[in-house]
Amino acid sequence: MEVPKDQIASLLENGLYNSAQMLGCFLVSSPAANAESSPHLKTESLVLLGDSFYREREYRRAIHTYKQALQYYKMIPKQNMSSARSSISSNRSSSPNSCNIAVINENEVKFKIASCHCFLNENKAALVEMEGIPSKARSLPMNLLLGKLYRFSRHSRAAVAIYKECLRHCPFILEAITALSELGSTAKDIISLFPQTLNRTGRAPFDHADSSRWLQRYVEAQCCISSNDYKGGLELFADLLQRFPNNIHLILEIAKVEAIIGKNEEAIMNFEKARSIDPYVVTYMDEYAMLLKLKSDYSKLNKLVHDLLNIDPARPEVFVALSVLWERKDEKRALSYAEQSIRIDERHIPGYIMKGNLLLTMKRAEAAVSAFRGAQELRPDIRTYQGLVHTYLALSKIKEALYASREAMKAMPQSAKALKLVGDVHASNSSGREKAKKFYESALRLEPGYLGAALALAELHVIEGRNGDAVSLLERYLKDWADDSLHVKLAQVFAATNMLSEALSHYQAALRLNPQNEAAKRGLERLEKQMKGVDPDAPEEDEDNDVEDGDGDQDETELLIDENHLGVL
């Protein structure tokens, strides 16, 4: 033979994919691999060439080549195929990915085609390929991919069945555990799938009984999170972290949950801890970016985005982080980044949340509803409910807002944030303020440290002319919380009651805590005008505008991104 195919297999095994690709072109075009005289060799050669394209991430070329291989495979006489199989059965490689075999495995080629479609976000085409593989012929990786595809296509029952099959074969497939918990399986159901008896070799499937205990606690934690029992999930994760210190996966899972429920400082600490252990981690870094933006820590946010662009500029998390970075300077550009994250991964929840928030800010509330619904269909959490409620309120759709808030309260009966959401809906109507007050107070009884409910209740007091109640409530919280938003709200109340020196003191305190607090900056600017006897709502003079433009140029430097990276994006 002019071009030995085992040389291509060797190149692939050694990671020399480009060389394998070039040599594969010689093999496929070799007279020895003639389709009429040797369809068998032509088929094997095309699979090897397809593998080289696959490894080089040229997925469309790989699909085209694999499909050509399957066409030639059909031309091989069945008698020849069966004799070829029997002659090489003793030499077959044990590795499912091995290419150095004398007869191709048709099902493995279909699996590779499906994998290529997945990388290209062509999930329907991938599902067609996977369903063409008989259930008895499916390997564990095949089943795992099929479970994902059924889930993507919203065939939840079929996905559950496949994921359960995966865990029966190997209980340590953590992504199957997470998927089942999110699809509604209970911890008891999932744990019952784990092998409990001795296997055929006479050895226990777990090396130690202790192994099953930590795995069961992991299952319980994921099921808690999926059922919105965030407190229980965090306790279980923390327990596991004591046993596995500095476990990146656990730290990130804890940080993500803390970000969802508003434990922002704790989440930031854990994200930073994860980055200190592994500076190249990308998972959930968009959640970290959102927290940095809330904290107005633009220097850290800018550095984070630079780091992520250097690590892997093609990940959806990177585009969400870019969207967060550009939000305050260019909302349209920020929106395009959020949409790009969804194009890369149509199941990337932070992308939908970021898109929804941006659309709401841009007064495109109808489109925002669609974005928040997209996130909620993937995995409902308090942030998607908050987005929907506030968007419906912006559209003056009170009934829809009330329904969404009650849905949140039903899904999360022990959540102070869900109670506050119902209060927010009632507070939007003057006739519902008394009900709103009760919901805010209930939220504070359930979670006394929930500043969002305290600020909302204070605002309600102000609207109804109870400024003294608002001040006493906020000052009570100031004893335990050094929070800039509390100082801003107090300053606003004092300014409204013409207690200007007290207002000034609190605006200054807010800016000491957070120099980037925009509400404090604007409030202080208005207050200084009031103290000078100038109408704060009067039109700005030209020279004032010049000053603002200068400040804008200075801020722009914080948003500078390496042009080489942006050129790629």
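None of these values were measured; they are calculated from a predicted model. (Residues numbered from 1 in each chain as written. Predicted model: local features only at pLDDT ≥ 70, side-chain atom pairs only at ≥ 80, totals over all residues. Heavy atoms only, no water.)

A. View of the UniProt feature "repeat: TPR" (unreviewed entry) in the protein chain. Under the local residue numbering, the UniProt record ascribes the feature "repeat: TPR" (unreviewed entry) to residues 43-76 and 484-517. Span residues 43-76 is 88% helix and 0% strand, its end C-alpha atoms 9 Å apart. For residues 484-517, the end-to-end C-alpha separation is 8 Å, with 79% helix and 0% strand making up the annotated structure. (UniProt positions renumbered as here; feature names shortened; annotations may be inferred. Helix = DSSP H or I, 4+ residues; strand = E, 2+ residues; numbered from the N terminus.)

B. Expanded view of the pattern of salt bridges. One pass over the full model with this rule turns up 28 salt bridges. Residue aspartate 239 pairs with arginine 217 through a salt bridge whose shortest N-O separation is 2.9 Å. Highlighted residues: aspartate 239 in helix α13 (residues 230-243) and arginine 217 in helix α12 (residues 209-226), separated in sequence by 22 residues. Judged by its relative accessible area of 32%, aspartate 239 is partly exposed. Of the residues examined, arginine 217 reaches a relative accessible area of 33% and is grouped as partly exposed. One salt-bridge network, held together by shared partners, links Arg151, Glu182 and Arg379. (Salt bridge = Lys/Arg side-chain N within 4 Å of Asp/Glu carboxyl O. Buried < 20%, exposed > 50% of the residue type's maximum accessible area, 1.4 Å probe, protein only.)

C. Main features of the side chain of aspartate 286. Residue placement: aspartate 286 occurs in helix α16 (residues 285-294). When neighbours within four sequence positions are excluded, aspartate 286 is seen to be in contact with Glu317, Val320, Ala321, His348 and Pro350. (Contact = heavy atoms within 4.5 Å.)

D. Representation of the layout of surface pockets in the model. Counted as a void, the second largest pocket has a volume near 1,800 Å³. Lining the second largest pocket we find 47 residues, and of these Lys148, Phe152, Asp345, Arg347 and His348 sit closest to its centre. Its residues assigned to classes, the lining of the second largest pocket shows 22 nonpolar, eight polar and 17 charged. (1 Å grid on protein atoms, 1.4 Å probe; cavity = no way out; pocket = protein on both sides within 12 Å on 5 of 7 lines; lining within 4 Å. Points joined across faces, edges and corners; volume = space filled by probe spheres on them. Nonpolar A, V, L, I, M, F, W, Y, C, P; charged D, E, K, R; others polar.)

E. Focus on empty space enclosed by the protein. This structure, assessed with the given rule, holds three cavities of 30 Å³ or more. Quantified by volume, the second largest cavity comes out at close to 50 Å³. Lining the second largest cavity are Glu182, Gln222, Ile225, Ser226, Glu253, Lys256 and Arg379.

F. Local environment of the packing of helix α1 (residues 5-13) against helix α2 (residues 17-28). Packing of α1 against α2 leaves a shortest axis separation of 8 Å and a crossing angle of 160°. Between α1 and α2, the angle falls in the class roughly antiparallel. Where α1 crosses over α2, the handedness of that crossing is left-handed. Contacts from Lys5, Gln7, Ile8, Leu11 and Leu12 of α1 reach α2 at Tyr17, Ser19, Ala20, Leu23, Gly24 and Leu27. Grouping the constituent residues of the contact of α1 with α2 by class yields seven nonpolar, three polar and one charged. (Axes fitted to C-alpha atoms, helices over the stretch in contact; angles between N-to-C directions. Parallel < 35°, antiparallel > 145°, perpendicular 65-115°, else oblique. Left-handed = near helix turned anticlockwise from the far one by under 90°.)

G. Molecular detail of helix α27 (residues 467-478). Between the first and last C-alpha of α27 there are 16 Å, a value that for twelve residues agrees with the 16 Å anticipated at 1.5 Å per step. By the burial criterion, the buried members of α27 are Asn467, Ala470, Val471, Leu473, Leu474 and Tyr477. In a view along the axis of α27, the buried residues occupy a sector of 165°, so they form one face of it. Against the buried residues of α27 lie α25 (433-446), α26 (451-463) and α28 (484-496). (Expected span 1.5 Å × (residues − 1). Arc of directions from axis to C-beta.)

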